[in-house]
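# Notes for the structure review
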Amino acid sequence: MIVKFILNGEDVTVRTAAFTRLIDLLRNTFSLTGAKMGCLTGHCGACFVLLDGKASPSCVIPAFSVRNREIITIEGFSQTDEYHDIMAGFEQERVDCCGYCDTGKILAAEALLEKTPRPARKEILAAFDGVRCRCTEPESLVAGVLATAEIRQRRLYGRGA
Ligand code: FES
Ligand code: FES
């Protein structure tokens, strides 16, 4: 089947089997390897992409279902100011980034902040539900996201949160 979608801001068209996993399409056809092969069952977040703005596990998304939708991978997202806000917030609060779950943590943070620029602690914890991280304490993640929210507010509006 032919599937057309938007990938990191570009219109793309691919021929693929309907049930090819999105993670395989990204890695094998587009050489985008930032979505990592983790659990492959939708439970760890290592393979997250933003699918129409929602942090989503690409290992359980079949190719046919992305038709006419927008996908941003960590490679595309890393070119944005929003990515740098998150990096700065995480660094400020010393959020661990060992490499295994970075894609999941970063894209989960972005999906939350895009919808909720000033999230509450409870909302932050809920946003990371789908991310399995062995290194980071939940409170450190909360601090990292709150720091990011402040940094972003300052960048956008020239003032603190
Ligand atoms: S590899 Fe997709 S959620 Fe774990
Ligand atoms: S930072 Fe190591 S698993 Fe998350």
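Note: the structure precedes this text.
Now for a description of the structure that goes with this document. (Residues numbered from 1 in each chain as written. Chains lettered and ligands numbered in written order. Predicted model: local features only at pLDDT ≥ 70, side-chain atom pairs only at ≥ 80, totals over all residues.)

## A look at the packing of helix α3 (residues 81–92) against helix α6 (residues 138–157)
Keep this limit in mind: Here the axes come from fitting lines to C-alpha atoms, over the contacting stretch only for helices, and the angles between their N-to-C directions go from 0 to 180 degrees. By definition, any uninterrupted DSSP run of H or I lasting at least four residues is a helix, any uninterrupted run of E lasting at least two residues is a strand, and each is numbered from the N terminus. Angles are sorted into four bins: roughly parallel if under 35 degrees, roughly antiparallel if over 145, roughly perpendicular if 65 to 115, and oblique for all others. Crossing handedness: left-handed means the near helix sits turned counterclockwise from the far one by under a right angle, and right-handed means the same turn made clockwise. What counts as a contact here is a pair of residues whose C-beta atoms, placed from the backbone, lie within 7 Å. Polar here means any residue outside two lists: the nonpolar Ala, Val, Leu, Ile, Met, Phe, Trp, Tyr, Cys and Pro, and the charged Asp, Glu, Lys and Arg; Gly therefore counts as polar.
Relative to each other, α3 and α6 sit at 135°, their axes nearing to 7 Å. Taken together, the axes of α3 and α6 lie oblique to each other. Along this stretch, α3 crosses α6, giving a crossing that reads as right-handed. Within the contact between the two elements, α3 uses Asp 81, Asp 85, Ile 86, Ala 88, Gly 89, Phe 90 and Gln 92 and α6 uses Gly 144, Val 145, Ala 147, Thr 148, Ile 151, Arg 152 and Arg 155. For the contact of α3 with α6, the per-class residue count stands at six nonpolar, four polar and four charged.

## Concerning the nonpolar core
Note the following rule: Definition of nonpolar core: a set of buried Ala, Val, Leu, Ile, Met, Phe, Trp, Tyr and Cys residues joined via C-beta atoms within 7 Å. Partly exposed residues are those whose C-beta has more than 12 but fewer than 20 other C-beta atoms within 10 Å; with 20 or more the residue is buried, with 12 or fewer it is exposed, and the C-beta atoms are placed from the backbone. As used throughout, domain bounds are those supplied by an automatic or database domain assignment.
If you look at the biggest cluster of nonpolar residues, it comprises 43 residues, and the most contacted ones within it are Val 49, Val 66, Ile 71, Leu 107 and Ala 108. Residue assignment for this core shows that the elements contributing at least two residues are β1 (2–7), α1 (22–29), β3 (48–51), β5 (70–72), α3, α4 (102–115), α5 (121–127) and α6. Broken down by element, the residue count for this core peaks at six residues, all from α4. Mapping this core onto the domain boundaries places at least three of its residues in each of domain 1 (2–77) and domain 2 (81–157).

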